[in-house]
Amino acid sequence: MSVSLLAQNLHGSEIIKIAGEINELKRQGQNIANLTIGDFDSNIYPIPTPLKDKIIDAYNHNQTNYPAADGMLDLRQSVSGFLKRSLGLDYAPNQILISGGSRPLIYSIFLAVVNPGEKVVFPAPSWNNNHYSDLLNADAVIIPTAPENNFMPTADDIRPHLKGAALLALCSPLNPTGTMFSKKDLEEICDLVIAENKGRAAGEKPLYLLYDQIYSQLTFGEHKHYDPVTLRPELKDYTIFVDGGSKCFAATGVRVGWGFGPELVIENMKAIVGHMGAWSPKPEQMAMAKFLTNEADVNSYLDDLKEKIQASLTALHEGFQEMKAGGLNVDSIEPMGAIYLTLKIDYSGKTTPDGKVLKDSADINFYLIKEAGAAFVPFSAFGTGDDVNWFRASVGATPLNEIEALIPRVKAALEKLK
Ligand SMILES: Cc1ncc(COP(=O)(O)O)c(C=O)c1O
């Protein structure tokens, strides 16, 4: 008995392996601060109350049949208004597609614009582009990035790879790093896409840009979110945005995503999402439609969520900076957006008290889970090599006091390494 080649070639999730280890230790009674999952603890971060009330209300009114294939018109109109109001982006309801969270949007973008064997260009670390490329049997061109540029790709990194590519997949604020494009870097990359498309023959499939901005509402302090179409309006014909309510409203289980872009691509994505049946549930769509139009409710929720997430990220960042100042081989990059902090824990080659050599980032991670009760995700789970000793810490599912408490435990565990 066997399964398809595609199924055989799919990679399982690294994060699920780590979760297995954590659950086993928890069963044995260990206290683990779990900073691995890109989710929220809904008791710390419940969804907006008006959104919840409206979902319940829609069920009470029996709104339980099929929604429209591209999403309910009311919701597409609300999303259109929200995009205009919050980001200055002009998209009509027929350029917007609703799906059950944002994942179906990403998959349908890949399916709508990439043929098997065609080049898909994306940076590492980044989230899941490798898996979507595998699903399509695309030629994944993975661009390494550097801590000096906050692990964001530059035009120089990307330039050699765009010739003939079908898709460039970018994300900002970025999962796993919590860092963002600077205006200049994104402008320079946009100019590469424009130049590549100018060079293509009439009628040839263009290079499309997938721009995942699902964390765009979660930015901190001075850090401003930029997008390709605002910076270079001529990219409107080639840019397909991935966006939605999962992260900015801590509503990962509510499943309302919105994508927007050129009508032709959106139309094709709509057919694909329809065949998958990956619609967003109708009551959730109706509730999100009403919620998004209430600017005061949206803003007060976002202000509160951002304040709490930023406090957690800052506590972790400061804790790591203190360890660094104390001579430990760690570092962290200032949090800019999303729910993630980038951590360096550079201890490969070191030996544990029971004589085991930590050979790579996965070993360091498992050592910290056991010895410090602190779990992160190595960047290797996001497409980098095992030798990259940088990690993602996700703060949405852990209370601030537990984040503060893990710092001395990590410090003590690292000090034991020889
Ligand atoms: C960058 C990025 N895009 C998209 C998604 C998918 O979100 P959803 O839960 O709406 O499918 C995630 C989820 O972790 C993400 O981190």
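Residues numbered from 1 in each chain as written. Predicted model: local features only at pLDDT ≥ 70, side-chain atom pairs only at ≥ 80, totals over all residues. Heavy atoms only, no water.

This brings us to the pairing of strand β13 (residues 390–394). Of all 5 residues making up β13, 5 are buried, and the element is well covered by its neighbours. Across the two faces of β13 the burial is the same, with Trp390, Arg392 and Ser394 and Phe391 and Ala393 all buried. The pairing of strand β10 (residues 340–345) with β13 spans 5 bridges and is antiparallel. When the sheet's bridge partners are listed, leucine 343 is paired in β13 with phenylalanine 391. When strand β12 (residues 377–378) meets β13, the two strands line up antiparallel, connected through 2 bridges. Bridge pairing links valine 377 to arginine 392 in β13. (Buried < 20%, exposed > 50% of the residue type's maximum accessible area, 1.4 Å probe, protein only. Helix = DSSP H or I, 4+ residues; strand = E, 2+ residues; numbered from the N terminus. Pairing = 2+ DSSP bridges.)

Our focus in this paragraph is the site of the ligand. Among the 13 residues in the neighbourhood of the ligand, the closest are listed as Ser102, Asn175, Asp212, Ser246 and Lys247. Note that an oxygen atom of the ligand is positioned 2.6 Å from one of the side-chain N or O atoms of serine 246. When the ligand is considered free in solution it has 400 Å² of accessible area, and contact with the protein chains removes 97% of it. For the shell around the ligand, a count of residues per class yields 5 nonpolar, 4 polar and 4 charged. (Near = heavy atom within 4 Å. Polar contact = N/O pair within 3.5 Å; in protein donor to acceptor, adjacent residues only side chain to side chain. Areas by Shrake-Rupley, 256 points an atom, 1.4 Å probe, with all protein chains shown as cover. Nonpolar A, V, L, I, M, F, W, Y, C, P; charged D, E, K, R; others polar.)

With that settled, the discussion passes to the sheet that holds strand β8 (residues 257–260). Note on sheets: strands pair through backbone hydrogen bonds, and any given pair is parallel or antiparallel. In spatial order, the strands read β2-β8-β7-β6-β5-β3-β4; together these 7 strands make up an open sheet with mixed pairing. In this open sheet, the two edge strands, each paired with only one partner strand, are β2 (96–99) and β4 (139–144). Going across the sheet, the axis of each strand differs from the next one's by a mean of 20°, ignoring polarity. Alignment of strand β6 (residues 208–212) against strand β7 (residues 239–244), held across 4 bridges, turns out to be parallel. Directly across from leucine 210, in β7, lies its bridge partner isoleucine 240. (Axes fitted to C-alpha atoms, helices over the stretch in contact; angles between N-to-C directions.)

Ranked by size, the top nonpolar core spans 95 residues in total, and within it Phe249, Trp258 and Phe376 carry the most contacts. Sorting elements by how many residues they give to this core places helix α12 (residues 295–325) first, with 9 residues. Two domains each donate at least three residues to this core, and these are domain 1 (5–30 + 300–415) and domain 2 (49–294). Counting 24 residues, the second-largest nonpolar core is a separate cluster that includes Leu97, Ile106, Val114 and Val273. (Core = buried A, V, L, I, M, F, W, Y, C linked by side-chain atoms within 4.5 Å. Domains from an automatic or database assignment.)

Here the focus is the pattern of salt bridges. Inspection of every chain in the model, using the stated rule, returns 20 salt bridges. Linking lysine 198 and glutamate 234 is a salt bridge whose minimum nitrogen-to-oxygen distance equals 3.8 Å. Placement of the pair is lysine 198 in helix α8 (residues 183–198) and glutamate 234 in the loop between α9 (228–231) and β7, with a sequence separation of 36 residues. For glutamate 234, a relative accessible area of 46% translates into the label partly exposed. A salt bridge links aspartate 363 to lysine 359; the nearest nitrogen and oxygen atoms lie 3.3 Å apart. By relative accessible area, which is 11% here, aspartate 363 ends up buried. Ionic contacts of the salt-bridge type, sharing partners, join the residues Lys183, Glu187, Asp191 and Arg232 into one network. (Salt bridge = Lys/Arg side-chain N within 4 Å of Asp/Glu carboxyl O.)

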